[in-house]
4 protein chains.
Amino acid sequence: MTELDPDLPVTLWRQLANVLRAQIEAGELQGLIPSEPTLCQRYGVSRATVRTAKASLIEEDLLTVVKGRGTFVKSSRE
Amino acid sequence: MTELDPDLPVTLWRQLANVLRAQIEAGELQGLIPSEPTLCQRYGVSRATVRTAKASLIEEDLLTVVKGRGTFVKSSRE
Amino acid sequence: MTELDPDLPVTLWRQLANVLRAQIEAGELQGLIPSEPTLCQRYGVSRATVRTAKASLIEEDLLTVVKGRGTFVKSSRE
Amino acid sequence: MTELDPDLPVTLWRQLANVLRAQIEAGELQGLIPSEPTLCQRYGVSRATVRTAKASLIEEDLLTVVKGRGTFVKSSRE
DNA sequence: GTGGTCTAGACCACA
DNA sequence: GTGGTCTAGACCACT
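Calculation rules
- Residues numbered from 1 in each chain as written.
- Chains lettered and ligands numbered in written order.
- Predicted model: local features only at pLDDT ≥ 70, side-chain atom pairs only at ≥ 80, totals over all residues.
- Heavy atoms only, no water.
- Helix = DSSP H or I, 4+ residues; strand = E, 2+ residues; numbered from the N terminus.
- Salt bridge = Lys/Arg side-chain N within 4 Å of Asp/Glu carboxyl O.
- Buried < 20%, exposed > 50% of the residue type's maximum accessible area, 1.4 Å probe, protein only.
- Near = heavy atom within 4 Å.
- Polar contact = N/O pair within 3.5 Å; in protein donor to acceptor, adjacent residues only side chain to side chain.
- Nonpolar A, V, L, I, M, F, W, Y, C, P; charged D, E, K, R; others polar.
- Pairing = 2+ DSSP bridges.

In the annotation of an unreviewed UniProt entry, chain A is listed under the name GntR family transcriptional regulator and assigned to Phytoactinopolyspora halophila.

(A) Representation of unusual backbone geometry. Not every positive phi belongs to a glycine, and Asp61(B) is a case in point at roughly 70°. Considering the arrangement of structural elements, one finds Asp61(B) in the loop between α3 (47-59) and β1 (63-66).

(B) Seen up close, the pattern of salt bridges. Following the criterion strictly, the structure yields 20 salt bridges over all chains and no others. Lys54(A) is paired through a salt bridge with Glu36(A); the nearest N and O atoms lie 2.9 Å apart. Highlighted residues: Lys54(A) in helix α3 (residues 47-59) and Glu36(A) in helix α2 (residues 36-43), separated in sequence by 18 residues. Judged by its relative accessible area of 7%, Lys54(A) falls in the buried class. Judged by its relative accessible area of 13%, Glu36(A) falls in the buried class. Put simply, Arg51(B) and Glu36(B) hold a salt bridge, and the shortest N to O gap is 3.0 Å. Taken together, the residues span a long stretch of sequence, with Arg51(B) in helix α3 and Glu36(B) in helix α2 (residues 36-43) at a distance of 15 residues. Overall, Arg51(B) belongs to the partly exposed group, its relative accessible area being 45%. Shared partners join several salt bridges into a network, and the residues in it are Glu36(A), Arg47(A), Arg51(A) and Lys54(A).

(C) Structural view of the protein's contact with DNA strand F. Neighbouring residues of DNA strand F: 36 residues in total, closest Leu12(B), Trp13(B), Ser46(B), Thr49(B) and Arg47(D). Each atom of DNA strand F within 4 Å of the protein belongs either to a base or to sugar and phosphate, the latter forming 70%. The backbone of Leu12(B) places a nitrogen or oxygen atom 2.3 Å from a phosphate oxygen of DNA strand F. In the model, a phosphate oxygen of DNA strand F is placed 2.7 Å from a nitrogen or oxygen of the Ser46(B) main chain. When residues of the surface near DNA strand F are traced back to their parent elements, those giving at least two are α1 (12-25) and α3 of chain B, α3 (47-59) and β2 (70-73) of chain C together with α3 (47-59) and β2 (70-73) of chain D.

(D) Inspection of the protein's contact with DNA strand E at higher detail. Around DNA strand E, the structure places 36 residues, and the nearest of them are Arg47(A), Arg47(B), Leu12(D), Ser46(D) and Thr49(D). Of all atoms in DNA strand E that approach within 4 Å of the protein, 70% are sugar or phosphate atoms. Residue Thr71(B) places a side-chain N or O atom 3.4 Å away from a phosphate oxygen belonging to DNA strand E. Contributing elements (two or more residues each) for the surface near DNA strand E: α3 and β2 (70-73) of chain A, α3 and β2 (70-73) of chain B together with α1 (12-25) and α3 of chain D. A class-by-class count of the residues in the surface near DNA strand E yields 6 nonpolar, 14 polar and 16 charged.

(E) Structural detail: the pairing of β2(A). All names here are of chain A. Only one face of β2 is buried: it carries Thr 71 and Val 73, and the other face, with Gly 70 and Phe 72, is open. With 4 bridges joining them, strand β1 (residues 63-66) and β2 adopt antiparallel strand pairing. Bridge assignment links Val 65 to a residue of β2, and that residue is Thr 71. Linking two consecutive strands that pair antiparallel, namely β1 and β2, is a turn of 3 residues; a positive phi of about 80° is found at Gly 68 within it.

In structure tokens:
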């Protein structure tokens, strides 16, 4: 599993966004992505970090959120 | 049909309650109101949202429930 | 699919219970069984018929109900 | 620990409200009460059940909520 | 075939 | 890391 490094001169949320973006572009992450608590545990970061990383990917139009359902990788990708 | 907007800064159940209240006051909704599953479909929300909206209108004394029969607009309205 | 016959001198719910019991004993029905509305559609019977059939299988200790989750085939079967 | 019984002819949320009310009146529950997920685990119920129970105690003016902080036993009790 | 209760778990706003 | 809102869908009691 890709690890995040708090000692890098890059914010944790940006590292996490990079990791997730890479997984999406590699097709490893499709459809419904893991929940926020799951991502917190998996990458050992706080909820705020996960949310900021997700917000940045939503801004990039890579993710979309459905309230009460979860967060999904945008399907309109080729 | 009145639409609900998940992006408004007011909860969905409150929007739904407002819509139903307006229909009741306009006399468009009388007697037996549509069932909860029907309201779910019509407004694209979950049953919990429908129930919360209805609970608020019952609290306002606009609706009344008859077990096993359905929910009715209070007749003591002029 | 096994069909139920309203013209038989056996109640529908008993026919349905027999069908389900056979499926359980054949191992075709395991774990979570279909919901009540699904069974209604599949066998073309009313909700009451499904519930009576299920009640009889629960009485026989073949099924167990978990509120809010569903109905399960009893695992303590060998 | 007080147990809740799904088989009693009283709803789970009402049983839970009764338990919490008794603890408050006995002084066993003071200040910040356990979080909703904690109460879910402790009493083996869903969050919706916990929330309904809490809503009834808030209605009774036994509890008060501070957004983002938690739920507290009303201090104006002697 | 209605409303009543419940489960499981998601994201959101706020501190 | 809390409570707030929401989704999806189960069984139950009653008519």
